[in-house]
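Chain by chain, the residues run as shown.
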Amino acid sequence: MTHAGELRRRTAELLAAYPPATTDRLEFLRARFDAGLAWVHYPEGLGGLGAPRSLQAVVDEELAAAGAPDNDPRRIGIGLGMAAPTVLRYGTDEQKARFLRPLWTGEEVWCQLFSEPGAGSDLAALGTRAVRDGEDWVVDGQKVWTSSAHLARWAILIARTDPDAPKHAGITYFICDMTDPGVEVRPLRQITGEAEFNEVFLTGVRIPDRHRLGEVGDGWRVAQTTLMNERVSIGGMRLPREGGMIGPVAKTWRERPDLRTHDLHQRLLKLWVEAEVSRLTAERLRQQLNAGQPGYEGSGMKLAFARLNQEISGLEVELRGEEGLLYDDWTMRRPELVDFTGRDAGYRYLRSKGNSIEGGTSEVLLNIVAERVLGLPAEPRTDKDVPWKDLAR
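The following paragraphs examine the structure supplied in this document. (Residues numbered from 1 in each chain as written. Predicted model: local features only at pLDDT ≥ 70, side-chain atom pairs only at ≥ 80, totals over all residues. Heavy atoms only, no water.)

### Description of helix α3 (residues 56–65)
- Residues of α3 that are buried: Gln56, Val58, Val59 and Leu63. Seen along its axis, α3 keeps its buried residues to an arc of 165°; they face one direction. Set apart from the buried face of α3 by more than 90 degrees, the exposed residues are Glu61, Ala64 and Ala65.
- On its buried face, α3 is in contact with α1 (4–17) and α2 (25–34). (Buried < 20%, exposed > 50% of the residue type's maximum accessible area, 1.4 Å probe, protein only. Helix = DSSP H or I, 4+ residues; strand = E, 2+ residues; numbered from the N terminus. Arc of directions from axis to C-beta. Contact = heavy atoms within 4.5 Å.)

### Examining the packing of aromatic side chains
- Using the criterion set out here, one finds 10 aromatic pairs in the structure.
- An aromatic cluster is built from Phe33, Trp39, Tyr42 and Trp104, whose rings are joined through pairwise contacts.
- Lying across the ring of Phe201, Arg186 places its NZ or CZ 4.0 Å from the centre.
- Sitting over the ring of Tyr347, Arg343 keeps its end group 4.1 Å from the ring centre. (Phe/Tyr/Trp six-rings, centres within 6.5 Å; stacked < 30°, edge-to-face > 60°. Lys NZ or Arg CZ within 6 Å of the ring centre and 35° of its normal.)

### A look at the environment of Arg241
- In this structure, Arg241 sits in the loop between α6 (219–235) and α7 (246–255).
- Residue classification places Arg241 among the exposed residues on the basis of a relative accessible area of 55%.
- Leaving out residues up to four positions away in the same chain, Arg241 has contacts with Trp272, Glu276 and Arg279.
- Here the side chain of Arg241 touches Glu276 through a polar contact of 3.2 Å, side chain to side chain. (Polar contact = N/O pair within 3.5 Å; in protein donor to acceptor, adjacent residues only side chain to side chain.)

### Description of the pairing of strand β3 (residues 136–143)
- In terms of strand pairing, strand β2 (residues 129–133) meets β3 through five bridges, oriented antiparallel. Looking at the pairing, Arg129 lines up with Asp140 of β3.
- Across seven bridges, β3 lies against strand β7 (residues 197–208) in antiparallel orientation. Directly across from Asp136, in β7, lies its bridge partner Pro208. (Pairing = 2+ DSSP bridges.)

### Points about the nonpolar core
- Core analysis: the biggest nonpolar cluster contains 32 residues, and Trp39, Leu100, Trp110, Phe114, Ile158 and Tyr173 have the highest contact counts within it.
- Contributing elements (two or more residues each) for this core: α2, α4 (77–90), α5 (93–105), β4 (154–160), β5 (171–177) and α6.
- Ile158 has contacts with Leu113, Phe114, Leu123, Leu126, Lys143, Ile171, Thr172, Tyr173, Gly219 and Ala223, leaving out every residue within four places of it along the chain.
- Counting 18 residues, the second-largest nonpolar core is a separate cluster that includes Cys111, Leu113, Trp137 and Val205. (Core = buried A, V, L, I, M, F, W, Y, C linked by side-chain atoms within 4.5 Å.)

### Some thoughts on α4
- The terminal C-alpha atoms of α4, which comprises 14 residues, lie 19 Å apart, in line with the 20 Å expected from a rise of 1.5 Å per residue.
- Along α4, the helix axis deviates most sharply at Ala83, where the bend reaches about 40°; the proline Pro85 sits within four residues downstream.
- Across the 14 residues that make up α4, a large majority, 10, are buried. (Expected span 1.5 Å × (residues − 1). Bend = angle between axes of the 7 residues up to and from the residue.)

### What to know about a nonpolar patch on the surface
- Nonpolar side chains collect at one region of the surface, where Val373, Leu374 and Leu376 lie side by side and expose about 280 Å² of accessible area between them.
- With respect to the element layout, Leu376 can be found in the segment after α11 (362–373).
- Assessed through its relative accessible area of 46%, Leu376 is described here as partly exposed. (Patch = residues over 30% accessible without salt bridge, like charges linked within 9 Å, V, L, I, M, F, W, Y side chains within 5 Å. Areas by Shrake-Rupley, 256 points an atom, 1.4 Å probe, with all protein chains shown as cover. Salt bridge = Lys/Arg side-chain N within 4 Å of Asp/Glu carboxyl O.)

### Quick word on the side chain of Gln190
- Along the chain, the position of Gln190 falls in the loop between β6 (183–188) and β7.
- Engagement of the side chain of Gln190 in a polar contact is seen with the backbone nitrogen of Glu196, the distance being 2.7 Å.
- When neighbours within four sequence positions are excluded, Gln190 is seen to be in contact with Ala195, Glu196, Phe197 and Arg351.

### Focus: the pattern of salt bridges
- In the structure shown here, the tally under the stated rule is 40 salt bridges.
- Put simply, Arg9 and Glu6 hold a salt bridge, and the shortest N to O gap is 2.3 Å. One end of the pair, Arg9, and the other, Glu6, are both in helix α1, three residues apart, so they sit about a helical turn from each other.
- The exposure class of Arg9 is partly exposed, given its relative accessible area of 38%.
- The partner of Asp60 in a salt bridge is Arg32, with the nearest N and O atoms 2.9 Å apart. Of this pair, Asp60 sits in helix α3 while Arg32 sits in helix α2, placing them 28 residues apart in sequence.
- For Asp60, a relative accessible area of 34% translates into the label partly exposed.

### Regarding the state of the cysteines
- All chains considered together, the criterion is met by zero disulfides.
- You can see Cys111 has no disulfide; the closest cysteine sulfur is in Cys176, sitting 7.8 Å from it. (Disulfide = S-S within 2.5 Å.)

### Let's talk about the packing of α4 against α5
- Across the interface, α4 lies against α5 with an axial gap of 10 Å and an inter-helix angle of 165°. Classified by the angle their axes make, α4 and α5 are roughly antiparallel. The chirality of how α4 crosses α5 is left-handed. Taken together, the residues of α5 that come into contact with α4 (itself represented by Gly79, Leu80, Ala83, Ala84, Val87, Leu88 and Tyr90) are Gln95, Lys96, Leu100, Leu103 and Trp104.
- Each residue belonging to the contact of α4 with α5 can be placed in one class, and the counts come to nine nonpolar, two polar and one charged. (Axes fitted to C-alpha atoms, helices over the stretch in contact; angles between N-to-C directions. Parallel < 35°, antiparallel > 145°, perpendicular 65-115°, else oblique. Left-handed = near helix turned anticlockwise from the far one by under 90°. Nonpolar A, V, L, I, M, F, W, Y, C, P; charged D, E, K, R; others polar.)

If you want it as structure tokens, here you go:
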């Protein structure tokens, strides 16, 4: 199942059996998954056909031309970009069959329980504990900066299962039921006025061992798959030319000649070129993904994404002058997704400040790029072999 013609034929059969104009949206998405046209590079029976990843575009183009619904990928980005690849690589057959279909159709939203108040940049220092109790694990702790926790049905969770082991070695990876009575989600109101992030308190949460991903104590290695995919999903998004943050600035420049100055023109040209280079680099990275798992190049793309968003949004506020200081709505809301281009310049400027923190801080990603991509000497890490329980906290 490796050629475009066969995929077009299968897509045509799907459209004939489930006409988008008359078929319920969820029914169509389930049928698409079952036909292997959800993510064609996944195995048969799990939404795919074992085809090359590059052929997904063939299916997507045919379905878009027919007016077929999509699965609203921005709303379920954590599930698609982080949970699914991890479940596919480390999950049991039972886990794959249970979680991947409703994840892809959007019936079940996912969130990520990784960062903690005392373990953000140094994630491996996390203190949330999971203790074995028969066939379950009992989890207690606190997580923070959790996108979509207020909407999520499931969470990918890392917790410490062996405090006597060095910090990287005593972690295990779980799938957590966010409807458990021991899970409490509290909103974190941001500088934008919204509470798109949350803090999550876990008190006596029982997770069955069948919801463990990977071996006990091997959670850090499993988490690396999640983190690499996370950075690709953030920094390697497919965009048209002038897509993303550079689009609104370029549009304002063309439509408002009264706002132009020579200095702003030079800065806009520089950022436009950098945005285009970043867009094309992301396309190259996606082509590399067609041949296998993502590498550490995704960290570089995420770095560029954060820096460009902040510089471009700052330029936009300056370009608009007094108008750039306006803010449309400070109402406390808990949104389902982040919409950078659908809001005003003030929102973009404020929200982009989080880009250098979420998905891996820029400082940590600089180290990753230096060590894993450029091959530079690693920073000294004196606590690497020290038991977690003996670390200063």
